[in-house]
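One-letter residues, chain by chain:
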Amino acid sequence: MKVLFTNLALFVVLSIVFSNLSGCGGTASSEGDPKASNSTSTKSGDAPVKSDFPPIAAAVANSDLKNLDGTTFKVADKKGKVVLLNMWATWCGPCRAEMPALVRMQDEHRDSLEIIGLNTDDETVADINEFAADLKLNYTLVWADTAMQAALLKISNFGGIPQSFLIDRDGNLRGVFRGANPADIKKMEELVSKVVNEQ
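Parameters and conventions
Residues numbered from 1 in each chain as written. Predicted model: local features only at pLDDT ≥ 70, side-chain atom pairs only at ≥ 80, totals over all residues. Heavy atoms only, no water. Phe/Tyr/Trp six-rings, centres within 6.5 Å; stacked < 30°, edge-to-face > 60°. Helix = DSSP H or I, 4+ residues; strand = E, 2+ residues; numbered from the N terminus. Buried < 20%, exposed > 50% of the residue type's maximum accessible area, 1.4 Å probe, protein only. Lys NZ or Arg CZ within 6 Å of the ring centre and 35° of its normal. Core = buried A, V, L, I, M, F, W, Y, C linked by side-chain atoms within 4.5 Å. Contact = heavy atoms within 4.5 Å. Arc of directions from axis to C-beta. 1 Å grid on protein atoms, 1.4 Å probe; cavity = no way out; pocket = protein on both sides within 12 Å on 5 of 7 lines; lining within 4 Å. Points joined across faces, edges and corners; volume = space filled by probe spheres on them. Nonpolar A, V, L, I, M, F, W, Y, C, P; charged D, E, K, R; others polar. Polar contact = N/O pair within 3.5 Å; in protein donor to acceptor, adjacent residues only side chain to side chain. Pairing = 2+ DSSP bridges.

*Asks:* What's the story with the packing of aromatic side chains in this structure? I'm lost.
*Replies:* By convention here, two paired aromatic rings are described through the distance between centres and the angle between planes. Applying the stated criterion to the full structure yields 1 aromatic pair. Centre to centre, the rings of Trp-88 and Phe-131 are 5.3 Å apart; their planes meet at 15°, and the pair counts as stacked. Within this pair, whereas Trp-88 is found in strand β6 (residues 82–88), its partner Phe-131 is found in helix α4 (residues 125–135), the two being separated by 43 residues in sequence. Relative accessible area serves as the criterion here: at 6%, Phe-131 is assigned to the buried category. Here the guanidinium or amino end of Lys-78 rests over the ring plane of Phe-73, the centre of that ring lying 4.7 Å away.

This is the structure in structure tokens:
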């Protein structure tokens with residue numbers, strides 16, 4: 001009986017450890033290529049073109065993102081570019097673990113891809129700049145307001161970070177990635193490469 005309780009306790013401890021490696025705040029899983037029937041997109045003012053992918057939620061596309069210098073922009077302003085929104089915080093270990101992959105993707109696809117790191121906490125500009133310098137981050141870091149964060153959490157149905165949202169040139173949602181385990185990071189890199197190389 002003592003062996004059973006010891007094994008059960010070990011199982012619980014290992015489960016907690018492994019879940020923390022995947023993401024801060026919950027269990028992690030990923031999905032790419034979310035499908036939606038009957039959604040449309042327009043290209044350069046032409047007639048609507050059928051798309052297999054849903055447009056990104058208006059609450060995400062039109063929310064103000066605040067740069068570290070205080071200026072703002074919207075995801076909708078980036079139409080024509082592939083965008084990867086990444087929710088993160090400086091205290092999140094799994095966020096830190098996936099950042100080298102984000103740096104590689106930004107380097108590899110710098111002309112077609114814009115990675116935007118959405119800080120989910122009230123961290124200071126100095127703290128964020130120091131963190132970015134330590135990790136040699138080469139992509140845009142901003143603050144997302146609570147409405148945008150809530151809209152993204154509604155899409156992903158995941159309460160933890162990191163999580164990422166891939167948006168194609170037409171503003172359609174192409175992938176949602178939750179957590180930072182190596183298999184999910186690899187799937188994210190593959191889908192980013194695929195979407196960037198689409199004509």
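*Asks:* Where do I start with the nonpolar core in this structure?
*Replies:* Within soluble globular proteins, side chains that are nonpolar tend to cluster in buried spots. Residues Leu-65, Leu-84, Leu-85, Met-99, Leu-118, Leu-137 and Met-148 are the most contacted members of the largest nonpolar core, which totals 48 residues. Per-element tally for this core: the top contributor is β6, with 6 residues. In this structure, Leu-85 is in contact with Val-60, Val-75, Ile-116, Leu-118, Met-148, Leu-152, Gln-163, Ser-164, Phe-165 and Ile-167, ignoring residues within four places of it in sequence.

*Asks:* Even after reading the chapter, I still don't get α4, so can you show me in this structure?
*Replies:* Note that an α-helix has 3.6 residues per turn; residues three or four places apart therefore point the same way. Taken together, the buried positions of α4 are Ile-128, Phe-131, Ala-132 and Leu-135. Around the axis of α4, the buried residues are gathered within 100° of arc, so they sit on the same side. Exposed and facing more than 90 degrees away from the buried side of α4 are Ala-126, Glu-130, Ala-133 and Asp-134. In this structure, the buried side of α4 is in contact with β6, α3 (93–108), β7 (113–119) and β8 (140–144). Following α4 by one or two positions, Lys-136 adopts a phi angle in the positive range, close to 55°.

*Asks:* What exactly am I supposed to notice about the layout of surface pockets here?
*Replies:* Remark: the empty space left among the atoms is shown by a probe the size of a water molecule rolled over them. Size it by volume and the second largest pocket reaches roughly 170 Å³. Ile-56, Ala-61, Ala-76, Lys-79 and Gly-171 are the residues nearest the centre of the second largest pocket, which is lined by 15 residues in total. Here the residues of the lining of the second largest pocket sort into 7 nonpolar, 2 polar and 6 charged.

*Asks:* Just to check I follow, could you spell out unusual backbone geometry for this structure?
*Replies:* Here the residue pair Ile-161 and Pro-162 is connected by a cis peptide bond, since its omega of 0° sits within 30 degrees of zero. Looking at where Pro-162 falls in the secondary structure, it is placed in the loop between α5 (146–156) and β9 (163–167). We note that Lys-136 has phi near 55°; this positive angle belongs to a residue other than glycine. Mapped onto the elements of the fold, Lys-136 is located in the loop between α4 and β8. One non-glycine residue, Asn-157, lies in the positive phi region at around 55°.

*Asks:* Looking at this structure, how should I read α5?
*Replies:* Among all positions in α5, only Met-148, Gln-149, Ala-151, Leu-152 and Ser-156 are buried. Around the axis of α5, the buried residues are gathered within 160° of arc, so they sit on the same side. Turned more than 90 degrees away from the buried face of α5 sit Thr-146 and Lys-154, all of them exposed. For α5, the capping residue at the N-terminal end is Asp-145, with a side-chain oxygen 3.2 Å from the backbone nitrogen of Ala-147. One or two steps after α5, the chain reaches Asn-157, where phi turns positive at roughly 55°.

*Asks:* Help me out: how do you make sense of the pairing of β9 in this one?
*Replies:* Each regular strand carries side chains that alternate between the two faces of the sheet. The buried fraction of β9 amounts to 5 of the 5 residues, a majority that puts the element mostly inside the structure. Taking every second residue as pointing to the same face, both faces of β9 are buried, with Gln-163, Phe-165 and Ile-167 on one and Ser-164 and Leu-166 on the other. Direction of pairing for β6 relative to β9: antiparallel, over a ladder of 5 bridges. Counterpart to Val-83 in the pairing with β9 is Ile-167. Pairing of β9 with strand β10 (residues 173–178), which is carried by 5 bridges, proceeds in the antiparallel orientation.

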